[in-house]
Amino acid sequence: MIRLIFALLYTILSMVFSLPVHAYWKSLFNKGKEMESWTKAWKYVRGFFKGLLFFAGTKIEVRGVDNIPKDEAVLYVGNHRSYFDIIITQTLAKNPMAFVAKKEFLKYPLLHYYMTDIGCLYLDRENPRQAMKTINEGTRRLEEGLSMGLFPEGTRNHGKELLPFKEGGYRMAEKSGRAIVLMAMTGIDDIFENNHHLLKSRKVIVEFAPPVYPSKLEKAERKEFYNSIPARITKMLETHRKDGN
């Protein structure tokens, strides 16, 4: 309970005192300085997330971090177990990063401002035309140098088996010429969701696979790679479990 109280106070104070900075980021964006705006916001949010993980007592074992390209944007694709997936991934990314999120996040007070500040996009799965516009905008942002995170399961999943993956978002990497970096995350829902929504100090594993460039694959190879993504992530997760996690 104490961890949760400190984390909530830290979060509220950070959001309130950063409102003037939020206005600055928005002014940069409105002036057409998109990448500068996203980068400055990402650095702030990344620092805030590191503080939040400190209060949560989270210990992270990172595997394959050298697989992340250092000087280019990538599309991160991973399993989705917790809100902390986003928090932890942001602290490990080597370049400014945003996410493709459900449109429901627009209803969250204050939070959606900061999600928008770092370049997040909101997907309406019930509106195919709007969803395609979101994918096209994600492609453009990847081209501009903003990494994107994608959770193809579409919702948080606490089971041992992955939910079916929705493949539409992969085209952002394909059309932009950027790499896909697969992520496998274990134990992250033990921080919060599996503890009756109380924060607990836990060790988690985050693993990054070598980058794959869909645009460099032949059509059949690309389709085979897309189809294999759930199995590739599952294989990494099984390794985590064999190691006792």
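In this report, the structure presented in the accompanying data block is examined. Being a predicted model, the structure only gives us computed values, none of them experimental.

**Let's talk about the side chain of H22**
Then, in step 1: Along the chain, H22 turns up in helix α2 (residues 19–30).
Then, in step 2: Within the structure, H22 has its side chain in polar contact with the side chain of D117 (distance 2.6 Å).

**Observations concerning the pairing of strand β5 (residues 147–150)**
Then, in step 1: On β5, burial covers both faces: S147 and G149 on one face and M148 and L150 on the other are all buried.
Then, in step 2: Where strand β2 (residues 74–78) meets β5, three bridges bridge the pair, whose relative direction is parallel. In the strand pairing of β5, Y76 is matched with G149.
Then, in step 3: Pairing between strand β3 (residues 97–102) and β5: three bridges, direction parallel. For F99, the partnering residue across the bridge sits in β5 and is G149.

**Details of helix α4 (residues 84–92)**
Then, in step 1: For α4, the tally of buried residues reaches nine of nine residues, placing the bulk of the element in the interior.
Then, in step 2: Of the residues making up α4, those classed as buried are F84, D85, I86, I87, I88, T89, Q90, T91 and L92.
Then, in step 3: Contacts from the buried residues of α4 go to α3 (34–56), β1 (59–63), β3, β6 (179–186) and β7 (203–208).

**Points about the pairing of β6**
Then, in step 1: Counting buried positions over the eight residues of β6 gives eight, a clear majority of the element.
Then, in step 2: Here β6 shows a buried face lined by A179, V181, M183 and M185 and a second buried face lined by I180, L182, A184 and T186.
Then, in step 3: In the sheet, β2 pairs with β6 via five bridges, with the strands oriented parallel. Looking at β6, one finds that L75 is bridged to I180.
Then, in step 4: Sheet analysis places β6 next to β7, joined by four bridges and oriented antiparallel. Bridging from a neighbouring strand, M183 pairs with F208 of β7.

**Describing the packing of α2 against α3**
Then, in step 1: The interhelical angle for the contact between α2 and α3, taken along N-to-C directions, is 160°, at an axis separation of 7 Å. With respect to their mutual orientation, α2 and α3 come out roughly antiparallel. Two packed elements cross with a definite hand, and for α2 against α3 that hand is left-handed. Along its contact with α2, which presents Y24, W25, L28 and F29, the element α3 presents E34, E36, S37, W38, K40, A41 and Y44.
Then, in step 2: Class assignment of the residues belonging to the contact of α2 with α3 gives a composition of seven nonpolar, one polar and three charged.

The rules behind the values
- Residues numbered from 1 in each chain as written.
- Predicted model: local features only at pLDDT ≥ 70, side-chain atom pairs only at ≥ 80, totals over all residues.
- Heavy atoms only, no water.
- Helix = DSSP H or I, 4+ residues; strand = E, 2+ residues; numbered from the N terminus.
- Polar contact = N/O pair within 3.5 Å; in protein donor to acceptor, adjacent residues only side chain to side chain.
- Buried < 20%, exposed > 50% of the residue type's maximum accessible area, 1.4 Å probe, protein only.
- Pairing = 2+ DSSP bridges.
- Contact = heavy atoms within 4.5 Å.
- Axes fitted to C-alpha atoms, helices over the stretch in contact; angles between N-to-C directions.
- Parallel < 35°, antiparallel > 145°, perpendicular 65-115°, else oblique.
- Left-handed = near helix turned anticlockwise from the far one by under 90°.
- Nonpolar A, V, L, I, M, F, W, Y, C, P; charged D, E, K, R; others polar.

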